[in-house]
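Listed here are the chains, written in short residue letters.
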Amino acid sequence: MFLTNARIATMTAPSGYGMINDGAIVIEGDRIVWVGVLADVPSDHETQDATDLGGRLVTPALIDCHTHLVFGGNRAGEFEQRLEGVSYEEIARSGGGIVSTVRATQQASPDALFCDALTRVDAMIAEGVSTIEVKSGYGLDRDTELKMLRVARRIADARPVTVCTSFLGAHAVPPEFAGNADGYIDQVCIPTLQAAHAEGLVDAVDGFCEGIAFDTDQIARVFDAARALGLPVKLHAEQLSNIGGTQLAARYGALSADHVEYANAADARAMGQAGSVAVLLPGAFYTLHETQMPPVAAFRKAGVPMAIATDCNPGSSPLASPLLALNMACTLFRLTPAEALAGLTRTAAQALGLSDQGQIAPSMRADLAVWNVTEPAELAYRIGFNPLHSRIFGGTL
């Protein structure tokens, strides 16, 4: 494939877009083999049939590095409760929140979960997404956690998209283990992780480190089990308070710490030293009417890469639009459009440990998005508008 007459945001520069005007891209198989100014194209590619992109913008395809998109039911009723003044924490402690989705997910068949998930996946693909991370965590028992991960794996067989799976058994304490979170970790969570790994269902291990979920000692035991299996870790940390989750993630060399609204400058320094990504989730911030913003300035100062994601889930972020997440990251968190686009491409790939995605450069996967715009800032600027012209996945238009 030979693409010409394009404005290319390579996303290879440490800052900015890495723009190439009047650019061209040569693809062989599922890899990019050359990118640059059309006038400099190697002679052995000059005779290839070219696809003229009409001056459109080309970016790496988008990567949604934090989702919970396999689930049963919905939580529209809780949305109403929150608007009437009930807090997310109060809902969770009264048997709603994550636990209510657990009940619906346990009762749903694999096919029902799969079909529902595809509606959300299709919405993301239609906005230029090529890679989606999918977490378990709405099972909280062995059979349902495995069911969720199997459904997530099926998505990549049914759609042209890459799926990365994260085991999130440490998401909430199920009612049958109320007051015994340690027992749940030892008797259910860790054995289920081992079973899921043995079945080849796990790419990374996640947890929810928060007052309404698990403390740092409990998450550390899960991380130790992940380390024994050779699996990377990531963590929901400092979303509602600061109980040390970000520091724990940094000590374990986590791929990312996610949410991190209540992280501080010391946490940012620890993440910078560990090479962990801060995954910002403006959809949850917006939905929950939060006021504590993540410490973006501290992350910049400490050299912490910032990714953004939809956090697509039925409760705190019923968002399946990465383009809206792009706008929210700029409007709510004050990221620049270049930082936000990097957060949905290059840095999102880093948050998933994917070294061959998220940039337009030789040897990278040929996952591209072609947009009906000329300036990359337009992708973050517009609200409720999808300018996708076409998507290239693994070298296939």
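Here is what the cut-offs are and how they apply
Residues numbered from 1 in each chain as written. Predicted model: local features only at pLDDT ≥ 70, side-chain atom pairs only at ≥ 80, totals over all residues. Heavy atoms only, no water. UniProt positions renumbered as here; feature names shortened; annotations may be inferred. Helix = DSSP H or I, 4+ residues; strand = E, 2+ residues; numbered from the N terminus. Buried < 20%, exposed > 50% of the residue type's maximum accessible area, 1.4 Å probe, protein only. Contact = heavy atoms within 4.5 Å. Areas by Shrake-Rupley, 256 points an atom, 1.4 Å probe, with all protein chains shown as cover. Lys, Arg positive; Asp, Glu negative; His and termini not counted. Charge placed at Lys NZ, Arg CZ, Asp CG, Glu CD. Axes fitted to C-alpha atoms, helices over the stretch in contact; angles between N-to-C directions. Parallel < 35°, antiparallel > 145°, perpendicular 65-115°, else oblique. Left-handed = near helix turned anticlockwise from the far one by under 90°. Nonpolar A, V, L, I, M, F, W, Y, C, P; charged D, E, K, R; others polar. Salt bridge = Lys/Arg side-chain N within 4 Å of Asp/Glu carboxyl O.

As named in an unreviewed UniProt entry, the chain is Imidazolonepropionase, taken from Pseudosulfitobacter pseudonitzschiae. The Function (unreviewed entry) field of the UniProt record for the chain holds the comment "Catalyzes the hydrolytic cleavage of the carbon-nitrogen bond in imidazolone-5-propanoate to yield N-formimidoyl-L-glutamate. It is the third step in the universal histidine degradation pathway."

A.B. asks: Got a minute to help me understand the overall build of the chain in this structure?
C.D. replies: Helices and strands together make up the secondary structure of the chain, namely 15 helices and 15 strands. When its C-alpha atoms are laid out on the principal axes, the chain stretches across 70 × 40 × 40 Å. Taking all 397 residues of the chain together, the buried fraction comes to 60%. Contacts in the chain between residues at least 24 apart in sequence constitute 71% of all its contacts with a sequence separation of at least 6. A total accessible area of about 14600 Å² is found for the chain, and carbon and sulfur atoms account for 50% of it. Distance between charge centroids for the chain: 2 Å, based on 27 positive and 44 negative side chains.

A.B. asks: Just checking my understanding: could you explain the packing of helix H5 (residues 142–158) against helix H6 (residues 181–198) for this structure?
C.D. replies: A pair of packed helices can be characterised by two numbers: the angle between their axes and the separation between those axes. Look at H5 against H6: their axes get within 10 Å of each other, and the N-to-C directions meet at 40 degrees. Classified by the interaxial angle, the pair formed by H5 and H6 is oblique. The way H5 lies across H6 gives a crossing that is right-handed. Contact residues: Arg142, Glu145, Leu146 and Leu149 in H5; Val188, Pro191, Thr192, Ala195 and Ala196 in H6. Split by residue class, the contact of H5 with H6 holds six nonpolar, one polar and two charged.

A.B. asks: Just to check I follow, could you spell out the pattern of salt bridges for this structure?
C.D. replies: Side chains that differ in sign of charge can pair as their charged atoms come close. Tallied over the full model, the rule gives 16 salt bridges. A salt bridge links Asp30 to Arg365, with the nearest nitrogen and oxygen atoms 3.8 Å apart. With a gap of 335 residues between them, Asp30 in the loop between strand S2 (19–28) and strand S3 (31–37) and Arg365 in the loop between helix H14 (346–351) and strand S14 (368–371) connect regions that are remote in the sequence. On the basis of relative accessible area, Asp30 is assigned to the partly exposed category, the value being 30%.

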